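Tertiary structure, described
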Amino acid sequence: SFNSAGYLPVSLAGVQAPIDGIPAPLLYVSGTQINAVAPVELTGTSPVSMQVTAGSEALPLFRLVIDPAIPEVFLRTTAGYTAAINQDGTINSQSNPAKSGTIVAIWATGVGLPIPGADGQEATAAQQLCNCDVYAALPSGNTYLPVVYAGAAPGTVTGVVQINFQVTGSTNSYGLTANGRNSFFNFLVYVSP
(Lines give C-alpha, C1' and ligand atoms only; values in the text may rest on other atoms or scores of the structure.)
Protein backbone atom coordinates (compact mmCIF):
# COMPACT_ATOMS: atom_id res chain seq x y z
CA SER A 1 0.00 0.00 0.00
CA PHE A 2 1.02 3.62 -0.41
CA ASN A 3 2.61 5.35 2.57
CA SER A 4 1.34 8.64 4.03
CA ALA A 5 3.37 10.57 1.42
CA GLY A 6 1.71 8.62 -1.42
CA TYR A 7 4.57 6.26 -2.40
CA LEU A 8 5.00 2.49 -2.59
CA PRO A 9 7.84 0.94 -0.54
CA VAL A 10 11.18 0.03 -2.13
CA SER A 11 11.76 -2.52 0.64
CA LEU A 12 9.06 -5.01 1.53
CA ALA A 13 9.38 -8.00 3.89
CA GLY A 14 13.15 -7.36 3.90
CA VAL A 15 13.34 -7.63 0.09
CA GLN A 16 14.71 -5.01 -2.30
CA ALA A 17 15.00 -5.23 -6.10
CA PRO A 18 16.89 -2.24 -7.52
CA ILE A 19 17.36 -2.09 -11.29
CA ASP A 20 20.70 -0.61 -12.33
CA GLY A 21 20.99 0.72 -8.77
CA ILE A 22 17.63 2.55 -8.96
CA PRO A 23 15.25 1.36 -6.22
CA ALA A 24 12.22 -0.35 -7.76
CA PRO A 25 8.89 0.23 -6.01
CA LEU A 26 7.46 -3.07 -4.78
CA LEU A 27 3.84 -4.17 -5.15
CA TYR A 28 4.07 -7.71 -3.77
CA VAL A 29 6.67 -10.04 -2.25
CA SER A 30 6.36 -13.74 -1.37
CA GLY A 31 8.72 -16.68 -1.17
CA THR A 32 8.23 -17.36 -4.89
CA GLN A 33 7.24 -14.06 -6.49
CA ILE A 34 8.23 -10.39 -6.51
CA ASN A 35 6.13 -7.78 -8.32
CA ALA A 36 8.02 -4.55 -8.88
CA VAL A 37 7.47 -1.39 -10.93
CA ALA A 38 10.22 -0.57 -13.43
CA PRO A 39 11.66 2.85 -12.51
CA VAL A 40 10.74 5.66 -14.92
CA GLU A 41 14.43 6.62 -15.15
CA LEU A 42 15.13 3.49 -17.20
CA THR A 43 15.29 4.69 -20.79
CA GLY A 44 17.02 3.50 -23.92
CA THR A 45 17.40 -0.13 -24.87
CA SER A 46 20.67 -1.09 -23.20
CA PRO A 47 20.65 -4.20 -21.03
CA VAL A 48 20.42 -3.51 -17.30
CA SER A 49 20.66 -5.67 -14.18
CA MET A 50 18.31 -6.29 -11.29
CA GLN A 51 19.86 -7.16 -7.93
CA VAL A 52 17.37 -8.84 -5.59
CA THR A 53 18.37 -8.84 -1.93
CA ALA A 54 16.57 -10.47 0.95
CA GLY A 55 17.91 -9.16 4.23
CA SER A 56 21.69 -9.29 3.87
CA GLU A 57 21.65 -12.03 1.21
CA ALA A 58 21.98 -11.02 -2.46
CA LEU A 59 20.84 -13.22 -5.32
CA PRO A 60 22.85 -13.36 -8.57
CA LEU A 61 22.33 -10.42 -10.94
CA PHE A 62 19.34 -10.79 -13.24
CA ARG A 63 19.81 -9.25 -16.71
CA LEU A 64 16.96 -7.24 -18.22
CA VAL A 65 16.48 -5.41 -21.51
CA ILE A 66 14.61 -2.11 -21.53
CA ASP A 67 11.95 -1.77 -24.20
CA PRO A 68 10.54 1.71 -24.95
CA ALA A 69 6.97 0.35 -24.94
CA ILE A 70 5.28 -3.03 -24.50
CA PRO A 71 1.63 -2.15 -23.96
CA GLU A 72 -0.63 -4.75 -22.37
CA VAL A 73 -4.00 -4.46 -20.65
CA PHE A 74 -4.89 -5.97 -17.29
CA LEU A 75 -6.92 -9.12 -17.81
CA ARG A 76 -9.72 -10.31 -15.56
CA THR A 77 -10.06 -13.85 -16.91
CA THR A 78 -7.73 -16.46 -18.36
CA ALA A 79 -9.95 -16.45 -21.47
CA GLY A 80 -8.60 -12.98 -22.33
CA TYR A 81 -11.39 -10.73 -21.04
CA THR A 82 -10.04 -7.48 -19.67
CA ALA A 83 -10.94 -5.79 -16.42
CA ALA A 84 -13.36 -3.16 -17.73
CA ILE A 85 -15.93 -0.76 -16.38
CA ASN A 86 -18.99 0.06 -18.49
CA GLN A 87 -20.07 3.65 -19.15
CA ASP A 88 -22.72 3.40 -16.42
CA GLY A 89 -20.02 2.54 -13.82
CA THR A 90 -20.83 -1.17 -13.59
CA ILE A 91 -18.35 -4.02 -14.06
CA ASN A 92 -18.25 -5.37 -17.61
CA SER A 93 -19.18 -9.07 -17.64
CA GLN A 94 -20.97 -11.68 -19.68
CA SER A 95 -24.20 -10.93 -17.80
CA ASN A 96 -23.56 -7.17 -17.97
CA PRO A 97 -22.04 -6.35 -21.39
CA ALA A 98 -21.35 -2.84 -22.66
CA LYS A 99 -23.81 -1.57 -25.24
CA SER A 100 -22.34 -1.00 -28.70
CA GLY A 101 -21.30 2.64 -29.08
CA THR A 102 -20.80 3.26 -25.36
CA ILE A 103 -17.53 3.97 -23.56
CA VAL A 104 -15.65 1.42 -21.44
CA ALA A 105 -12.64 2.02 -19.19
CA ILE A 106 -9.70 -0.40 -19.16
CA TRP A 107 -6.25 -0.29 -17.54
CA ALA A 108 -2.85 -1.00 -19.04
CA THR A 109 0.86 -0.69 -18.43
CA GLY A 110 3.98 -0.63 -20.59
CA VAL A 111 2.80 2.29 -22.72
CA GLY A 112 6.19 4.03 -22.64
CA LEU A 113 7.14 7.60 -21.89
CA PRO A 114 6.19 10.27 -21.04
CA ILE A 115 4.81 9.20 -17.68
CA PRO A 116 4.29 12.05 -15.19
CA GLY A 117 4.99 11.35 -11.56
CA ALA A 118 7.80 9.78 -9.63
CA ASP A 119 8.73 6.14 -9.12
CA GLY A 120 6.18 4.43 -6.91
CA GLN A 121 4.01 7.53 -6.61
CA GLU A 122 0.23 7.20 -6.42
CA ALA A 123 -1.64 8.94 -9.22
CA THR A 124 -4.11 11.27 -7.50
CA ALA A 125 -5.75 13.01 -10.47
CA ALA A 126 -6.72 12.27 -14.04
CA GLN A 127 -4.11 13.59 -16.47
CA GLN A 128 -4.14 12.93 -20.21
CA LEU A 129 -0.71 11.57 -21.13
CA CYS A 130 -0.72 8.47 -23.26
CA ASN A 131 -0.30 8.31 -27.02
CA CYS A 132 -2.65 5.30 -27.06
CA ASP A 133 -5.03 3.93 -29.67
CA VAL A 134 -7.50 1.06 -29.44
CA TYR A 135 -8.57 -0.94 -32.46
CA ALA A 136 -11.32 -3.43 -33.14
CA ALA A 137 -9.70 -6.63 -34.39
CA LEU A 138 -11.89 -7.58 -37.35
CA PRO A 139 -11.37 -10.32 -39.97
CA SER A 140 -11.31 -7.58 -42.63
CA GLY A 141 -8.59 -5.67 -40.75
CA ASN A 142 -8.16 -3.47 -37.72
CA THR A 143 -10.49 -0.50 -37.29
CA TYR A 144 -9.35 2.23 -34.89
CA LEU A 145 -11.96 3.40 -32.38
CA PRO A 146 -12.51 6.71 -30.59
CA VAL A 147 -10.37 7.03 -27.43
CA VAL A 148 -11.83 9.70 -25.17
CA TYR A 149 -9.20 9.47 -22.40
CA ALA A 150 -5.80 7.85 -22.05
CA GLY A 151 -3.83 8.87 -19.01
CA ALA A 152 -3.12 8.58 -15.33
CA ALA A 153 -5.32 6.16 -13.40
CA PRO A 154 -6.11 7.81 -10.07
CA GLY A 155 -5.54 5.49 -7.12
CA THR A 156 -2.91 3.42 -8.92
CA VAL A 157 0.86 3.70 -9.21
CA THR A 158 2.74 5.79 -11.77
CA GLY A 159 2.98 3.70 -14.95
CA VAL A 160 -0.58 2.34 -14.90
CA VAL A 161 -2.83 4.11 -17.40
CA GLN A 162 -6.58 4.22 -17.80
CA ILE A 163 -7.96 4.14 -21.34
CA ASN A 164 -11.58 5.01 -22.06
CA PHE A 165 -12.73 4.04 -25.55
CA GLN A 166 -15.89 3.45 -27.54
CA VAL A 167 -16.79 -0.20 -28.15
CA THR A 168 -18.40 -1.50 -31.31
CA GLY A 169 -21.01 -4.22 -31.71
CA SER A 170 -19.13 -5.75 -34.63
CA THR A 171 -16.59 -7.51 -32.37
CA ASN A 172 -15.58 -8.13 -28.78
CA SER A 173 -11.86 -8.43 -29.68
CA TYR A 174 -9.66 -5.34 -29.36
CA GLY A 175 -6.00 -4.39 -29.47
CA LEU A 176 -3.94 -1.60 -27.92
CA THR A 177 -1.31 0.57 -29.61
CA ALA A 178 0.95 2.83 -27.54
CA ASN A 179 3.87 4.88 -28.82
CA GLY A 180 3.73 3.02 -32.13
CA ARG A 181 3.82 -0.47 -30.56
CA ASN A 182 0.95 -2.96 -30.61
CA SER A 183 0.10 -5.17 -27.66
CA PHE A 184 1.19 -8.77 -28.17
CA PHE A 185 -2.29 -10.06 -27.45
CA ASN A 186 -5.75 -8.84 -28.27
CA PHE A 187 -8.09 -8.46 -25.33
CA LEU A 188 -11.82 -9.13 -25.07
CA VAL A 189 -14.68 -6.95 -23.81
CA TYR A 190 -18.25 -8.15 -23.40
CA VAL A 191 -20.35 -6.13 -25.90
CA SER A 192 -24.00 -6.32 -26.89
CA PRO A 193 -25.61 -4.77 -30.01
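This text follows the structure it describes.
**Side note on the sheet that holds strand S6 (residues 57-58)**
- Pairing within the open sheet is antiparallel, and its three strands lie in the order S1-S5-S6. Since the sheet does not close on itself, it has two edges, and those belong to strand S1 (15-16) and S6, each with one partner.
- Note: strand S5 (residues 53-54) against S6, two bridges, orientation antiparallel. Directly across from Ala-54, in S6, lies its bridge partner Glu-57.

**Considering the environment of Val-111**
- Relative to the helices and strands, Val-111 resides in the loop between strand S11 (103-109) and strand S12 (132-138).
- Along the primary structure Val-111 and Thr-78 are separated by 33 residues, whereas in three dimensions their C-alpha atoms are 22 Å apart.
- Not counting the four nearest positions on each side in its chain, Val-111 is found in contact with Ala-69, Pro-71, Cys-130, Cys-132, Val-161, Ala-178 and Asn-179.

The rules behind the values
- Residues numbered from 1 in each chain as written.
- Predicted model: local features only at pLDDT ≥ 70, side-chain atom pairs only at ≥ 80, totals over all residues.
- Heavy atoms only, no water.
- Pairing = 2+ DSSP bridges.
- Helix = DSSP H or I, 4+ residues; strand = E, 2+ residues; numbered from the N terminus.
- Contact = heavy atoms within 4.5 Å.

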